[in-house]
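Chain by chain, the residues run as shown.
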Amino acid sequence: MLIQDDFNLKHFNTFHVSAHARYFAHVTSRSELTEALTFSKRQQIPFMLIGQGSNLLFKADYPGLIIELNIKGIELLREDQNYYYVRAQCGENWHAFVQYCLQNNWYGLENLSLIPGTVGAAPVQNIGAYGVEISERLHELEALEIATGKLLNFSTKQCQLAYRHSIFKAELKDQFIITSVTFRLLKKVSLNLSYPSLQEALKGIDRRQLTPQMVSDAVCEIRQSKLPDPGVIGNAGSFFWNPIVSDEELKGLRDAYPDIVAYPYQKQHKIAAAWLIDKAGWKGYREGDVGVHKDHALVLVNYGQASGAELFNLSERIQASVAEKFGIELQAEVRII
């Protein structure tokens with residue numbers, strides 16, 4: 001395994017901001033992962049894992065070791081009357097994995113198509129889209145305990161998955177590295193068409209003729225129409241979480257803003273952060289090479305040579321503006337380094 005020094009991370013984050021890591025390691029096996037961790041410990045420097053850099057904003061150089069996890073592999077472990085149990089290694093591209101499952105008639109992940117990132121990163125924030133969260137399909141995962149080097153299994157319950165949350169962002173933060181994930185996928189088609197935008201995209205098609213692949217294609221079409229391609233313009237997709245409010249809070253907001261966009265979520269309500277940012281006047285904003293996308297207010301963009309610090313400063317200004325106007329504190333979904 002080659003460890004490089006003074007490594008430019010510009011092509012390893014989808015914001016395409018220039019930031020340097022003191023060291024960088026490309027890891028393709030568990031033994032290489034162990035070797036990289038040993039190097040970090042020996043050098044007495046911090047380390048950080050990245051997959052495809054799709055949920056990161058480097059606002060400064062990184063003083064330690066960046067480990068790019070690129071461990072690959074997909075296998076069908078077993079099946080029962082209703083489910084296939086499929087294990088994917090942490091470095092698998094998430095969207096490619098979803099498409100592989102659909103090609104094999106393993107259903108249930110179609111609504112999560114085209115979400116950027118890797119399989120290993122998916123459970124950490126319980127990725128979700130168009131009415132489905134990974135928690136519904138996760139069976140178990142395997143993770144390396146950093147302190148001991150032991151591999152441990154976590155059930156779905158043990159992962160403590162909630163909205164954009166897991167135990168790996170809380171009590172076990174920075175203590176484990178997810179190495180593989182096993183999914184419980186459906187044998188029979190059971191489509192989730194609860195989101196209005198998905199219903200709209202599929203209107204006119206007899207629901208009896210709909211297939212999971214058609215749903216996946218519709219999700220991809222919607223996402224591509226709303227979100228800019230990071231290969232063309234630097235971005236990390238949705239920058240902020242959709243805030244969750246109670247019935248009472250939503251009623252107060254609706255009294256003041258009858259057109260507010262909200263969705264039911266586990267006996268509460270998710271407010272569309274994009275709507276809040278748009279109404280606060282930020283949609284389409286640009287200053288130099290930083291801005292808010294003209295078609296989607298939830299997407300901060302790098303138009304060329306913006307620094308991570310400039311993008312971070314813009315995010316703070318948006319948060320302050322939304323808090324002042326609506327009394328809601330937006331939280332960054334993007335991990336800020």
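Residues numbered from 1 in each chain as written. Predicted model: local features only at pLDDT ≥ 70, side-chain atom pairs only at ≥ 80, totals over all residues. Heavy atoms only, no water.

**Remarks on the confidence of the model for the protein**
Now for step 1: When pLDDT is averaged along the protein, the result is 94; 100% of the residues meet or exceed 70.
Now for step 2: By mean pLDDT, the top-scoring element of the protein is strand 7 (residues 83-89) (98), and the lowest-scoring one is strand 15 (residues 262-265) (88). (pLDDT = per-residue confidence, 0-100. Helix = DSSP H or I, 4+ residues; strand = E, 2+ residues; numbered from the N terminus.)

**Some thoughts on the sheet that holds strand 1 (residues 3-8)**
Now for step 1: In space, the four strands of this open sheet follow the order 1-2-5-3, with mixed pairing throughout. Single-partner strands in this sheet number two, and they are strand 1 and strand 3 (47-50). Put simply, the sheet's adjacent strands are angled 35 degrees from each other on average, direction ignored.
Now for step 2: Note: strand 2 (residues 20-27) against strand 5 (residues 62-69), six bridges, orientation parallel. Bridge assignment links His 26 to a residue of strand 5, and that residue is Glu 68. (Pairing = 2+ DSSP bridges. Axes fitted to C-alpha atoms, helices over the stretch in contact; angles between N-to-C directions.)

**A word on the nonpolar core**
Now for step 1: By size, the foremost hydrophobic cluster in this structure holds 45 residues, and its most contacted members are Phe 15, Ile 66, Ile 277 and Ile 318.
Now for step 2: Among the elements of the structure, strand 2, strand 3, strand 4 (56-57), strand 5, helix 6 (247-256), helix 7 (273-279), strand 18 (290-292) and helix 8 (308-326) are those that each provide at least two residues to this core.
Now for step 3: Take this core: its biggest share by element is six residues, from helix 8.
Now for step 4: Excluding residues that lie within four positions of it along the chain, Phe 15 makes contacts with Leu 56, Leu 57, Gly 234, Asn 235, Ala 236, Phe 239, Leu 300, Asn 302, Leu 311 and Val 334. (Core = buried A, V, L, I, M, F, W, Y, C linked by side-chain atoms within 4.5 Å. Buried < 20%, exposed > 50% of the residue type's maximum accessible area, 1.4 Å probe, protein only. Contact = heavy atoms within 4.5 Å.)

**Some thoughts on the sheet that holds strand 12 (residues 176-186)**
Now for step 1: Strand order in the open sheet formed by five strands is 6-7-12-10-11, and the pairing between neighbours is antiparallel. In this open sheet, the two edge strands, each paired with only one partner strand, are strand 6 (74-79) and strand 11 (151-155). Across the sheet, the mean angle from the axis of one strand to that of its neighbour is 25 degrees, orientation sign disregarded.
Now for step 2: Summarising the sheet, strand 10 (residues 138-145) and strand 11 pair through five bridges and their orientation is antiparallel. Bridged to Leu 141 within strand 11 is Phe 154.
Now for step 3: In this fold helix 1 (residues 30-43) packs onto strand 7, strand 10, strand 11 and strand 12, with an angle of close to 150 degrees to the strand it touches most, strand 12.
Now for step 4: Across the face of the sheet, helix 2 (residues 94-103) comes into contact with strand 6, strand 7 and strand 12 while running at roughly 25 degrees to strand 12.

**Overview of the layout of surface pockets**
Now for step 1: Approximately 390 Å³ is the volume found for the second largest pocket.
Now for step 2: In terms of lining residues, the second largest pocket is bounded by 19 residues, among which Leu 114, Pro 116, Pro 228, Asp 229 and Pro 230 are the most central.
Now for step 3: Of the residues in the lining of the second largest pocket, the class split is seven nonpolar, ten polar and two charged. (1 Å grid on protein atoms, 1.4 Å probe; cavity = no way out; pocket = protein on both sides within 12 Å on 5 of 7 lines; lining within 4 Å. Points joined across faces, edges and corners; volume = space filled by probe spheres on them. Nonpolar A, V, L, I, M, F, W, Y, C, P; charged D, E, K, R; others polar.)

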